[in-house]
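What follows is each chain in one-letter form.
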Amino acid sequence: MDPSVDTWDLSSPLISLWINRFYIYLGFAVSISLWICLQIVIKTQDRNLQEKSVPKAPQDLMTNGYVSLQEKDIFVSGVKIFYGSQTGTAKGFATVLAEAVMSLDLPVTIINLKEYDPDDHLIEEVTSKNVCVFLVATYTDGRPTESAEWFCKWLEEASSDFRFGKSYLKGMRYAVFGLGNSAYASHFNKVGKNVDKWLWMLGAHRVMSRGEGDCDVVKSKHGSIEADFRAWKTKFISQLQALQKGERKKSCGGHCKKGKCESHQHGSEEREEGSHEQDELHHKDTEEEEPFESSSEEEFGGEDRQSLNSIVDVEDLGKIMDHVKKEKREKEQQEEKSGLFRNMGRNEDGERRAMITPALREALTKQGYQLIGSHSGVKLCRWTKSMLRGRGGCYKHTFYGIESHRCMETTPSLACANKCVFCWRHHTNPVGTEWRWKMDQPEMILKEAVENHQNMIKQFKGVPGVKAERFEEGMTVKHCALSLVGEPIMYPEINRFLKLLHQCKISSFLVTNAQFPAEIRNLKPVTQLYVSVDASTKESLKKIDRPLFKDFWQRFLDSLKALAAKQQRTVYRLTLVKAWNVDELQAYAQLVFLGNPDFIEVKGVTYCGESSASSLTMAHVPWHEEVVQFVRELVDLIPDYEIACEHEHSNCLLIAHKKFKIGGEWWTWIDYNRFQELIQEYEDSGGSKTFSAKDYMARTPHWALFGANERGFDPKDTRHQRKNKSKAISGC
């Protein structure tokens, strides 16, 4: 086309080519559009046909456009109302609440806490989809009512017991309403607060904030305790309706600052999965930690001082530096003086310090210890509680015939010379290589130990399942296990203490950590003397026991030699820690030849919960069959010994010297009356009339023997196994 021409020349060949292409493209576009429309019409007709052939599903059964064959989810299966009442108020509230819950077409159960056994049944609430309500009253002195006393005691101990753990009740849902009197401000609703706290510590989920009823009409929030309960009940029913629908309502309404309201007072309502694993990342590996002597509490003080980063005149800088140097010298002199007294075991006034510091007293009391004087303690063993209720005794009952409900577990010394990785107390107790503390007299220690033990037994009066005859027997102590914590042989008056026990017709079971050979040699006869053999080589002993003594290995060997010279019953106690000491069979056999014990107890390590002081985990706990295999292999290396007994529940076996197998029958049990006669003759003769282990042995019953169907459980009792436990982690 000529650019000088203003009009198009349609006869031009190039223009004709463009026009032809346009019509071709237009034809393609129209065809595609018609095809798409046809497909839409076909699919619409197919869908209409399907809707006619398939009945329409209810909206609540539709999921992502598909029909679900599952039933509607049930978010709340029922409500259990627990009450602890003395005057009947809490019981009356339970009835009123039950009527309100039934109006929601939910099943309700009202339970008197006096007749409820949490050890058996509380774990069932983890998977029940129930909501548990606790209506508990507080006495003016802060104690629970008699009907709720056992429940509260059990809950308190469980919340601080590593065997239960932080997720024991995970999945359980609960709410608490407390009844109290604000006229007694220091104890106002203390029981309700504690029940709420302990349930939360065990992993239970609080569905709404705790309610508090006040008997003091002047201070009551709503004018009376009945009005307080009605207000809380209204909120609870509203929350319950939301839970029925699968909704979640904030228990504080979202109007509080974190940490100020009830729902935040114990921490976050939701527990993040894997939080334990995150915590473990912060734990330091302490296997090679250099141990040192210390008290249970080190206090560090500091003075507020002017920062050197603040602006000062150059002329004043010299004065400031002189003042800093003077403070530093005074501090060093004070530390040197304190360190000298600390090494001498004395305070700054030159007096010997008490072993139990305020911090240690608080920690051990919280763990259920009854502390005695300045360095002793007693605690009720869980096997004592078990046997009171006819649920079986500890391994010492199976191996030696101890009556567990009559056994007092105590120690005259909370201090120890080791920092074992499996220590039950996570090293809260003091450590040292010699006695350097204030000392109490053995008469006072024994008297208060027995009194405290009896007081703890009394708390079981009326508890569901406790056998009346065993309760009466339990009030008289017959055995004393000096194995609670620490190193009892460190106590300077240990022989006098043992003599007092025997005078009271109490048998003695003393455990030592094999670091005091001289004290073992000087020890007077005991019913049974234990030495902890936690490893068989110098390297593994240092790794597991972490002893304070530099010559710990020689002391260990000398202790075993001292044991061999004893005439009364002697025991090696082997604690197996998986991946740490289970492969040292030949070395263990050599140690057996060195100490020649009467018996060898082999037990899987007890996991005591997380601790920054130890890298021990559940992975280190061997299965029972692994312990059995270890024992079989060890016995093959020590021809004078055989496997005698088993206590599967404690993950423990007993190897016995063949001298206790007479006429094909094992005699590992103890004739305790005969022992008391022999020890009396020994004392009366001034120690000249001695006796041996075989002089007070008794025949072992068939059910206690290795290979018996009972696996070491006394058939007189009824075995009770806690749910959701896969490994044996029970202490003994």
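You'll find the structure just up there.
Every value quoted in this text rests on a predicted model; they were computed, and no experiment measured them. (Residues numbered from 1 in each chain as written. Predicted model: local features only at pLDDT ≥ 70, side-chain atom pairs only at ≥ 80, totals over all residues. Heavy atoms only, no water.)

Caption draft 1: Region of interest: the overall build of the protein. Helices and strands together make up the secondary structure of the protein, namely 20 helices and 22 strands. Intrachain contacts of the protein at a sequence separation of at least 6 include 76% that bridge at least 24 residues. Element-wise, carbon and sulfur atoms account for 51% of the exposed surface of the protein, whose accessible area totals about 37,800 Å². (Helix = DSSP H or I, 4+ residues; strand = E, 2+ residues; numbered from the N terminus. Contact = heavy atoms within 4.5 Å. Areas by Shrake-Rupley, 256 points an atom, 1.4 Å probe, with all protein chains shown as cover.)

Caption draft 2: Quick look at helix 12 (residues 442-458). The end-to-end C-alpha distance of helix 12 is 24 Å, a good match for the 24 Å that 17 residues give at a rise of 1.5 Å each. Taken as a whole, helix 12 has its buried residues at P442, I445, L446, A449, V450, N452, H453, M456 and I457. Viewed along the axis of helix 12, the buried residues span an arc of 165 degrees, placing them on a single side of the element. Structurally, helix 12 contributes buried residues whose contacts are with strand 9 (370-372), strand 10 (376-379), helix 10 (382-388), strand 11 (407-411), helix 13 (468-474) and helix 14 (494-503). (Expected span 1.5 Å × (residues − 1). Buried < 20%, exposed > 50% of the residue type's maximum accessible area, 1.4 Å probe, protein only. Arc of directions from axis to C-beta.)

Caption draft 3: Spotlight on the packing of aromatic side chains. This structure, assessed with the given rule, holds 25 aromatic pairs. Centre to centre, the rings of Y400 and F599 are 5.9 Å apart; their planes meet at 65 degrees, and the pair counts as edge-to-face. Note that Y400 is positioned in helix 11 (residues 395-400) and F599 in strand 16 (residues 599-604), a separation of 199 residues in sequence. By the burial criterion, Y400 is buried, and F599 matches it. Of the aromatic side chains, those joined through ring pairs into one cluster are F93, F177, F229, W232 and F236. A cation sits over an aromatic face here: R382 above W383, 4.6 Å from the ring centre. (Phe/Tyr/Trp six-rings, centres within 6.5 Å; stacked < 30°, edge-to-face > 60°. Lys NZ or Arg CZ within 6 Å of the ring centre and 35° of its normal.)

Caption draft 4: Representation of the pairing of strand 5 (residues 130-137). Counting buried residues along strand 5, eight of its eight residues qualify, which places the element largely inside the surrounding structure. Side-chain alternation along strand 5 places N130, C132, F134 and V136 on one buried face and V131, V133, L135 and A137 on a second face that is also buried. The pairing of strand 3 (residues 78-84) with strand 5 spans seven bridges and is parallel. Pairing of Y83 across the sheet is with L135, part of strand 5. Bridge count between strand 5 and strand 6 (residues 173-180): seven bridges; the pairing is parallel. From the neighbouring strand, V133 faces strand 6, where its bridge partner is A175. (Pairing = 2+ DSSP bridges.)

Caption draft 5: Inspection of the pairing of strand 10 at higher detail. When strand 9 meets strand 10, the two strands line up antiparallel, connected through three bridges. Bridging from a neighbouring strand, L371 pairs with G377 of strand 10. Counted along the chain from strand 9 to the antiparallel partner strand 10, the turn is three residues long, and its residue G373 has a positive phi close to 60 degrees. Pairing analysis gives three bridges linking strand 10 to strand 11, with the strands arranged antiparallel. Among the inter-strand pairings, V378 is bridged to a residue of strand 11, identified as T410.

Caption draft 6: Quick peek at the side chain of D119. Along the chain, D119 falls in helix 3 (residues 118-121). A distance of 3.4 Å separates a polar atom in the side chain of D119 from a polar atom in the side chain of W154. (Polar contact = N/O pair within 3.5 Å; in protein donor to acceptor, adjacent residues only side chain to side chain.)

Caption draft 7: The arrangement of unusual backbone geometry in detail. Despite not being glycine, K129 shows a phi value in the positive range, around 65 degrees. Residue A514 is not a glycine yet carries a positive backbone phi of 60 degrees. You can see A514 is positioned in the loop between strand 13 (507-512) and helix 15 (517-522). You can call A514 buried: its relative accessible area is 0%.

Caption draft 8: The arrangement of the packing of helix 12 against helix 14 in detail. Running from amino to carboxyl end, helix 12 crosses helix 14 at an angle of 45 degrees, the nearest separation of the two axes being 9 Å. Here helix 12 lies oblique to helix 14, going by the angle between them. As helix 12 runs across helix 14, the sense of the crossing is right-handed. Seen from helix 12, the contacting residues are P442, E443, I445 and L446; seen from helix 14, they are R496, F497, L500 and L501. (Axes fitted to C-alpha atoms, helices over the stretch in contact; angles between N-to-C directions. Parallel < 35°, antiparallel > 145°, perpendicular 65-115°, else oblique. Left-handed = near helix turned anticlockwise from the far one by under 90°.)

Caption draft 9: Region of interest: the sheet that holds strand 17 (residues 641-647). As summarised here, the arrangement of the 10 strands in space is 9-10-11-12-13-14-15-16-18-17, forming an open sheet in which the pairing is mixed. Every other strand in the sheet has two partners, leaving strand 9 and strand 17 as the edge strands with one partner each. Neighbour-to-neighbour, the strand axes of the sheet open up by a mean angle of 25 degrees, direction not taken into account. Pairing geometry for strand 16 and strand 18 (residues 652-657), over five bridges, is antiparallel. Pairing of F599 across the sheet is with A656, part of strand 18. Across the face of the sheet, helix 14 comes into contact with strand 12 (479-482) and strand 13 while running at roughly 150 degrees to strand 13.

Caption draft 10: Representation of the environment of Q86 in the model. Tracing the backbone through its elements, the reader meets Q86 in the loop between strand 3 and helix 2 (89-102). Taking the C-alpha atoms as reference points, Q86 and Y139, separated by 53 residues in sequence, lie 9.4 Å from one another. In this structure Q86 touches Y139, T145 and E146, once residues within four positions along its chain are discounted.

Caption draft 11: Representation of the nonpolar core. One finds F134, V195 and L199 to be the most contacted residues of the largest nonpolar core, which totals 111 residues. For this core, the element with the highest residue contribution is helix 17 (residues 552-564), accounting for seven residues. Inspection of this core shows a minimum of three residues originating in each of domain 1 (78-245) and domain 2 (373-704). (Core = buried A, V, L, I, M, F, W, Y, C linked by side-chain atoms within 4.5 Å. Domains from an automatic or database assignment.)

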